[in-house]
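# Understanding the architecture of this molecule
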Amino acid sequence: MMLEIRDVRKQFDGLKVLDGISFDVEKSDVVAILGPSGSGKTTLLRCLNFLEKADGGTMVFDGKRIDLNKATKAEISALRKKTAFVFQSYNLFLNKTVLENVTLGLTAGAGMKKKDAVEIAHQMLKKVGMDDKVSSYPSQLSGGQQQRVAIARALASKPEIIFFDEPTSALDPELIGEVLNVMRQLAEEGMTMLVVTHEMSFARNVSSKVIFIEDGHIVESGPSKSFFANPKEERTKAFLRSIEFDQ
């Protein structure tokens with residue numbers, strides 16, 4: 001097992017946002033995390049990458065156990081070297097070019113030589129179809145193009161897992177497809193991904209597992225095909241009916 005999550009808990013001002021979340025991730029899994037707004041999905045991802053400090057819970061990653069509430073700086077640093085995070089708001093540096101946005105983490109963060117970092121950046125930008133925009137600034141790009149640069153930046157560190165936090169939610173409808181196509185390609189190549197998403201077509205057709213969260217609890221989880229074809233819980237059935245109705 002690549003990743004084991006056990007009993008993740010988090011409160012904000014006395015409100016339980018995560019209340020005992022547990023699940024497993026195998027290598028090359030694409031796990032779609034679904035649920036209504038405010039259910040705790042984003043908080044879960046942020047706790048797993050220590051962007052938020054969980055109140056309790058453990059993670060076993062590559063055989064090493066980490067206490068999510070008491071992790072040391074060394075443990076957090078070691079985990080972040082093996083993971084990457086793609087935000088819904090891109091989080092690109094507006095004063096740096098596309099190429100600089102991708103290389104910065106490699107040179108300043110990982111101490112890589114600039115020549116090597118530039119070579120990797122070109123490879124990753126080509127993978128996401130952005131190699132013709134290396135000299136552009138984020139303000140000159142569409143939202144979909146900026147998100148593809150953010151994915152290239154994540155890939156450049158050669159992570160074992162990528163966390164995606166609603167990567168298409170800030171995009172206009174006509175730009176969503178270009179980002180999902182990149183993610184679909186990564187899935188086909190075997191990249192392990194945890195994806196918080198409202199894109200049901202991606203969850204149904206690309207993910208291998210689905211976790212449905214509401215009020216900080218896992219209501220239902222399982223292989224994507226059976227989750228959509230034969231949901232077991234009444235709340236899951238109601239959620240899927242509402243989504244299909246909206247579409």
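Parameters and conventions
Residues numbered from 1 in each chain as written. Predicted model: local features only at pLDDT ≥ 70, side-chain atom pairs only at ≥ 80, totals over all residues. Heavy atoms only, no water. Phe/Tyr/Trp six-rings, centres within 6.5 Å; stacked < 30°, edge-to-face > 60°. Buried < 20%, exposed > 50% of the residue type's maximum accessible area, 1.4 Å probe, protein only. Lys NZ or Arg CZ within 6 Å of the ring centre and 35° of its normal. Helix = DSSP H or I, 4+ residues; strand = E, 2+ residues; numbered from the N terminus. Polar contact = N/O pair within 3.5 Å; in protein donor to acceptor, adjacent residues only side chain to side chain. Contact = heavy atoms within 4.5 Å. Pairing = 2+ DSSP bridges. Axes fitted to C-alpha atoms, helices over the stretch in contact; angles between N-to-C directions. Expected span 1.5 Å × (residues − 1). Parallel < 35°, antiparallel > 145°, perpendicular 65-115°, else oblique. Left-handed = near helix turned anticlockwise from the far one by under 90°. Nonpolar A, V, L, I, M, F, W, Y, C, P; charged D, E, K, R; others polar.

### Some thoughts on the packing of aromatic side chains
Under the counting rule described, the total for this entry stands at four aromatic pairs. Ring centres of Phe85 and Phe87 lie 4.6 Å apart, and the angle between their planes is 35°; on these two criteria the pair is classed as tilted. In this structure, Phe85 and Phe87 share a single accessibility class: buried. One aromatic cluster in this structure is built from Phe85, Phe87 and Phe163. Geometry around Phe228 places Arg204 over its ring, the cationic atom sitting 4.8 Å from the centre.

### Quick look at the side chain of Thr192
Structurally, Thr192 can be placed in strand β8 (residues 192–196). You can call Thr192 buried: its relative accessible area is 1%. At 2.8 Å, the side chain of Thr192 forms a polar contact with the backbone nitrogen of Ser28. With near-sequence residues (within four places) excluded, Thr192 lies in contact with Met2, Val25, Glu26, Lys27, Ser28, Asp29, Glu160, Ile161 and Ile162.

### Some words on the sheet that holds strand β10 (residues 217–223)
Spatially, six strands are ordered β6-β7-β8-β3-β9-β10 in an open sheet, and the strand pairing comes out mixed. The open sheet has two edge strands, β6 (83–86) and β10, and neither has a second partner. Adjacent strand axes in the sheet meet at a mean angle of 15°, parallel and antiparallel pairs treated alike. Pairing of strand β7 (residues 161–165) with β8 involves five bridges; the strand directions are parallel. Following the sheet pairing, Asp165 is matched in β8 by Val196. Together, β3 (30–34), β7 and β8 form the strand contacts of helix α6 (residues 173–188), whose direction differs from that of β8 by roughly 145°.

### Side note on helix α5 (residues 143–156)
The end-to-end C-alpha distance of α5 is 20 Å, a good match for the 20 Å that 14 residues give at a rise of 1.5 Å each. Counting buried positions along α5 yields 13 of 14 residues, so the element is predominantly enclosed. Immediately beyond the C-terminal end of α5, within one or two residues, lies Lys158, with a positive phi of roughly 55°.

### Some remarks on the packing of helix α3 (residues 98–109) against helix α4 (residues 114–127)
Remark: α3 packs on α4, axes separated minimally by 9 Å, with the N-to-C direction vectors making an angle of 125°. With respect to each other, α3 and α4 are oriented oblique. Handedness of the crossing formed by α3 with α4: right-handed. Only Lys114, Ala117, Val118, Ile120, Ala121, His122 and Leu125 of α4 make contact with α3, whose side of the interface consists of Val98, Leu99, Val102, Thr103, Leu106 and Thr107. For the contact of α3 with α4, the residue count by class is nine nonpolar, three polar and one charged.

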